[in-house]
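Each chain is listed here by its residues.
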Amino acid sequence: MPNSWGWIDSKQRGAISYLEVGNVWLASDPLASESHVQDVAKRFMNVANARGKIVSFVPATMRLAQGAEYLDMDAVSIGASPYFDLQAWSTKGSEAKKVRERVNQSIRAGVAVEELRGGDISKAELSELCNGWLDTRRSIEFGWLFSLDPLRFSDRKRYFLARTPEGKAVGLLVASPMPVRSGWYLEDVIRHPAAPKGTSELLVVEGMAALARSGSKIATLGTMLAAYLDLGEPVSRGDYRFAKKLFPLACGHMESVYNFKGVRCFKEKFAPSWMEPEFIMFPAGFSHPVRIAVAAARAISEAGLKNAIGKRISAWRRAPNRVVRQYLLNCNQA
């Protein structure tokens, strides 16, 4: 299985999370100021190269991609992150009509949202929420990108819990701070399978309203991996044209273990104030895109393929087709 690690710059200028898959390090965008981000990334790459490792930054922001030439890397746009101007955004207007309708559904069902501290959330309720949410989707643990750990660094986060009129916890929104931008990353939007329709939308809307009231400027729902969201010009060096065809193809094959399309549709319907393009960055050279794509596929598949297959089998067992059910029973009894 891939190993997740963290690296801190020796000059304390920044840090990077990364996943080690064979001889490839799949790294996060550096946690560093604008003035240091390129140097922190360069230092990290030097450490990796000294150990015989190849570095890929995924997803990388525009501020890092713009330094691709300095880092001797190529950059290909793979999607975007939706951002919201908290002081101006609302659900009014035709663009957010679907969100408004879903919010009204949940309100009519009596769902209410309250803000809590991490230590005030019942671990039993949290476990039921997380397990129920994971059981209903093609979800996996993949380093920093897809991991589900709501109470990690709970003293720095803000929590919004949705309850039914009977007091049952049916949804949770977790917001992580982005101090440099005076904003918040809406990291986890967890909905229990039994939650009334619109619970997730209500959590996001109520959460962003609370963040706005406290003076925060922006919020984001995080990366949407989508090949068609070509919002930034790629760094047209090396073999980026080949890579631009390769990475969407790899993502398409990974839909069986992670619902990229569903996540994208959910985030898009909130009518973000603007979109910021994000990239995958890799060393220049024809073979590197292939090695990076294989490493990413391995990381995701090894983490989620077994879970995905198990869910498919469970779905087949519940299928109305009696012939299929009998066939599965016979296989188990053989």
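Above this text sits the structure in question.
Given the structure is predicted, the values throughout are model-derived calculations rather than measurements.

**A short note on helix 5 (residues 123-135)**
Phase 1: For helix 5, with 13 residues, the first-to-last C-alpha span of 18 Å sits near the 18 Å given by 1.5 Å per residue.
Phase 2: Here helix 5 has its buried residues at Leu126, Leu129, Cys130, Gly132 and Trp133. Take helix 5 and look down its axis: the buried residues cluster within an arc of 165°, on one side only. Exposed and oriented more than 90 degrees from the buried face of helix 5 are Lys123, Ala124 and Asp135.
Phase 3: Check the buried side of helix 5 and you find it contacts strand 8 (158-163), strand 9 (169-178) and strand 10 (183-191).
Phase 4: Put simply, Ser122 is the residue that caps the front of helix 5, since its side-chain oxygen is 3.3 Å from the backbone nitrogen of Ala124.

**Let's talk about the side chain of Ser216**
Phase 1: Mapping Ser216 onto the fold places it in the loop between helix 7 (199-213) and strand 11 (218-220).
Phase 2: With a relative accessible area of 8%, Ser216 lands in the buried category.
Phase 3: At 2.8 Å, the side chain of Ser216 forms a polar contact with the side chain of Trp184.
Phase 4: The residues touching Ser216, leaving out its near neighbours within four places in the chain, are Leu86, Gln87, Ser182, Trp184 and Leu211.

**Quick notes on the pattern of salt bridges**
Phase 1: In the structure shown here, the tally under the stated rule is 12 salt bridges.
Phase 2: Close ionic contact of Lys53 with Glu20 constitutes a salt bridge, the shortest N to O distance being 3.1 Å. Of the two residues, Lys53 sits in the loop between helix 1 (37-50) and strand 5 (54-61) while Glu20 sits in strand 2 (residues 14-21), which places them 33 residues apart along the sequence.
Phase 3: Assessed through its relative accessible area of 18%, Lys53 is described here as buried.
Phase 4: In this structure, Arg63 and Asp29 form a salt bridge, with 3.4 Å as the shortest nitrogen-oxygen distance. With Arg63 in helix 2 (residues 62-65) and Asp29 in the loop between strand 3 (24-27) and strand 4 (31-32), this residue pair connects regions lying 34 residues apart in the sequence.
Phase 5: Given the relative accessible area of 13%, Asp29 is considered buried.

**Let's talk about helix 4 (residues 97-108)**
Phase 1: Given a rise of 1.5 Å per residue, 12 residues ought to cover 16 Å, and the 17 Å separating the end C-alpha atoms of helix 4 matches this to within 8%.
Phase 2: By the burial criterion, the buried members of helix 4 are Val99, Val103 and Ser106. Buried positions in helix 4, seen along its axis, are confined to an arc of 60° and lie on one side of it. For helix 4, exposure combined with an orientation more than 90 degrees from the buried face picks out Lys98 and Arg108.
Phase 3: Structurally, helix 4 contributes buried residues whose contacts are with helix 7.
Phase 4: Trailing helix 4 by a residue or two, Gly110 shows a phi angle of about 90°, which is positive.

**Notes on the pairing of strand 3**
Phase 1: Burial along strand 3 is two-sided: the face carrying Val24 and Leu26 and the face carrying Trp25 and Ala27 are both buried.
Phase 2: Across four bridges, strand 2 lies against strand 3 in antiparallel orientation. Bridged to Tyr18 within strand 3 is Ala27.
Phase 3: What sits between the antiparallel neighbours strand 2 and strand 3 is a turn of two residues, in which Gly22 has the positive phi angle 65°.
Phase 4: Where strand 3 lies against strand 5, four bridges are found, and the strand directions are parallel. Each residue of the ladder has a partner; that of Leu26, found in strand 5, is Ser56.

**Side note on the packing of aromatic side chains**
Phase 1: By the definition in use, this model includes eight aromatic pairs.
Phase 2: With a centroid separation of 6.2 Å and 50° between ring planes, the pair formed by Phe44 and Phe57 is classed as tilted. Separated by 13 residues along the polypeptide, Phe44 in helix 1 and Phe57 in strand 5 bring together distant segments of the chain. Comparing Phe44 with Phe57 shows no difference in burial state: the two are buried.

**Looking at the packing of helix 4 against helix 7**
Phase 1: For the pair helix 4 and helix 7, interaxial distance at closest approach is 8 Å and the crossing angle is 105°. The angle between helix 4 and helix 7 falls in the class roughly perpendicular. Across the interface between the two elements, Val99, Arg102, Val103, Ser106 and Ile107 of helix 4 pack against Thr199, Glu201, Leu202 and Val205 of helix 7.
Phase 2: Class assignment for the residues of the contact of helix 4 with helix 7 results in five nonpolar, two polar and two charged.

**Concerning the nonpolar core**
Phase 1: Counting residues in hydrophobic clusters, the biggest one holds 26 residues, and the most contacted among them are Leu186, Met208, Leu211 and Phe270.
Phase 2: Mapped onto this core, the elements with two or more residues apiece are helix 4, strand 8, strand 9, strand 10 and helix 7.
Phase 3: When residues no more than four places from it in sequence are discounted, the contact partners of Met208 are Phe84, Leu86, Trp89, Leu186 and Ala219.
Phase 4: Core analysis: the second largest hydrophobic core is formed by 24 residues, Ile16, Val37, Val55 and Ala65 among them.

**Some words on unusual backbone geometry**
Phase 1: The omega angle of the peptide bond from Val58 to Pro59 is -10°, so this bond is cis rather than trans.
Phase 2: Along the chain, Pro59 turns up in strand 5.
Phase 3: A positive phi is found at Phe153, a non-glycine position, where the angle reads about 55°.
Phase 4: In this fold, Phe153 is placed in the loop between helix 6 (143-146) and strand 8.

What counts and what doesn't
Residues numbered from 1 in each chain as written. Predicted model: local features only at pLDDT ≥ 70, side-chain atom pairs only at ≥ 80, totals over all residues. Heavy atoms only, no water. Helix = DSSP H or I, 4+ residues; strand = E, 2+ residues; numbered from the N terminus. Expected span 1.5 Å × (residues − 1). Buried < 20%, exposed > 50% of the residue type's maximum accessible area, 1.4 Å probe, protein only. Arc of directions from axis to C-beta. Contact = heavy atoms within 4.5 Å. Polar contact = N/O pair within 3.5 Å; in protein donor to acceptor, adjacent residues only side chain to side chain. Salt bridge = Lys/Arg side-chain N within 4 Å of Asp/Glu carboxyl O. Pairing = 2+ DSSP bridges. Phe/Tyr/Trp six-rings, centres within 6.5 Å; stacked < 30°, edge-to-face > 60°. Axes fitted to C-alpha atoms, helices over the stretch in contact; angles between N-to-C directions. Parallel < 35°, antiparallel > 145°, perpendicular 65-115°, else oblique. Nonpolar A, V, L, I, M, F, W, Y, C, P; charged D, E, K, R; others polar. Core = buried A, V, L, I, M, F, W, Y, C linked by side-chain atoms within 4.5 Å.

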